Amino acid sequence: MGTQCSNCGGNHTQAIRAVIQAGTTYSNGSVVGVGVGTSGAGTFAGSSSTTSQTTLAARFSEPKKPKKLEMIAGGIMSVATSPWLFSKTPLAFITLGLVAWWAWETRAYLKRSKRYAEHYPVWKNMYDYGYYCHACGNAFAVRN
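Residues numbered from 1 in each chain as written. Predicted model: local features only at pLDDT ≥ 70, side-chain atom pairs only at ≥ 80, totals over all residues. Heavy atoms only, no water.

## Examining the packing of aromatic side chains
Defined as follows: We call Phe, Tyr and Trp rings a pair once their centres come within 6.5 Å, taking the six-membered ring for Trp, and we label the pair stacked below 30 degrees between planes, edge-to-face above 60, and tilted otherwise. Under the DSSP-based scheme used, a helix requires at least four consecutive residues in state H or I and a strand at least two consecutive residues in state E, with every element numbered from the N terminus. Accessible area is worked out with a 1.4 Å probe on protein chains only. A residue is then buried under 20% of its type maximum, exposed over 50%, and partly exposed in between.
Tallied over the full model, the rule gives five aromatic pairs. Residues Phe60 and Tyr132 carry aromatic rings whose centres are separated by 5.6 Å and whose planes lie at 65° to one another, so their mutual orientation is edge-to-face. With Phe60 in the loop between α2 (55-59) and α3 (69-80) and Tyr132 in strand β4 (residues 130-133), this residue pair connects regions lying 72 residues apart in the sequence. Across the pair, exposure class does not vary: Phe60 and Tyr132 are buried alike. Taken together through their ring pairs, the aromatic side chains of Tyr116, Tyr120, Trp123 and Tyr127 make up a single cluster.

## Remarks on the nonpolar core
Across soluble globular proteins, you tend to see nonpolar side chains buried next to one another. Counted only if it meets this: We call a set of buried residues a nonpolar core when its members are Ala, Val, Leu, Ile, Met, Phe, Trp, Tyr or Cys and they connect through side-chain atoms within 4.5 Å of each other. Residue contacts are defined here by distance: any two heavy atoms, one from each residue, within 4.5 Å place the two residues in contact.
Judged by nonpolar contacts, Ile16, Val19, Ile20, Phe60, Trp123, Met126, Tyr127 and Tyr132 together constitute the single largest core of eight residues. Looking at this core, the elements with two or more residues in it are α1 (16-22) and α5 (91-129). Setting aside chain neighbours within four positions, we find Ile16 in contact with Phe60, Met126, Gly130, Tyr131, Tyr132 and Ala139.

## Here's the deal with the environment of Ser61
Which entries qualify depends on this criterion: Throughout this description, a polar contact denotes any pair of N or O atoms lying within 3.5 Å of each other; where both atoms belong to protein, one of them has to be capable of donating a hydrogen while the other can accept it, and for residues adjacent in sequence the pair is counted only when both atoms sit in side chains.
Mapped onto the fold, Ser61 is located in the loop between α2 and α3. In this structure the C-alpha to C-alpha distance between Ser61 and Gln21, which are 40 residues apart in sequence, comes to 9.8 Å. Residue contacts for Ser61: discarding those within four places in its chain leaves Ile20, Gln53 and Trp123. Here the side chain of Ser61 touches Ala58 through a polar contact of 3.0 Å, landing on its backbone oxygen.

## Concerning the sheet that holds β4
Inclusion rule: One bridge is not enough; two strands pair if DSSP finds at least two bridges between them. Note on method: axes are straight lines fitted to C-alpha atoms, helices fitted across the in-contact stretch only, with angles between N-to-C directions ranging 0 to 180 degrees.
Strand order in the open sheet formed by three strands is β1-β4-β5, and the pairing between neighbours is antiparallel. Either end of the sheet is taken by a strand with one partner, and the two such strands are β1 (13-15) and β5 (139-141). With direction set aside, neighbouring strand axes in the sheet form an average angle of 30°. The sheet contact formed by β1 and β4 spans three bridges and is antiparallel. Residue pairing for β4: Ala15 is matched across the bridge by Tyr131.

## Considerations on α5
As a reminder of what qualifies: Multiplying one less than the number of residues by 1.5 Å gives the expected span of a helix. One axis is fitted to the seven residues ending at the residue and one to the seven starting there. The bend at that residue is the angle between these axes.
The terminal C-alpha atoms of α5, which comprises 39 residues, lie 56 Å apart, in line with the 57 Å expected from a rise of 1.5 Å per residue. Where α5 bends most, at His119, the angle is about 30°, and the proline Pro121 comes one to four residues later. Where α5 is concerned, the buried positions are Ala92, Thr95, Leu98, Glu105, Thr106, Ala108, Tyr109, Tyr116, Trp123, Met126 and Tyr127.

All quantities given are derived from atomic positions and should not be read as evidence of function.
Dropping the structure here:
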């Protein structure tokens, strides 16, 4: 006998981890070619990878961990353009703009990190112990 829904009592339930795995598709591809033009020939190569999810799988997907790259890049650009700050040319405004952008990016990263720290344990619990009822749409956690 399957797990019964805590909302409607139905048996048409599925583990959330199975919902995510069944509704997620990973695709990889590569391309190689030759180009010929008036100034000679050349070769090229490339690859691509995509991930697609059903709406239901996306509903239960893992929260995205914030990336530090934007914050680090903003800090580096602000420091690199800091000599312009003391010049008497309009270049000083570029540095001020970059410092403002870096401050905004740092604040946004801190907010995203806090949200991730709050949502990840909830998601992990539902991923490990959660079930989805296809009859009523209820998601619930069952600990064994």
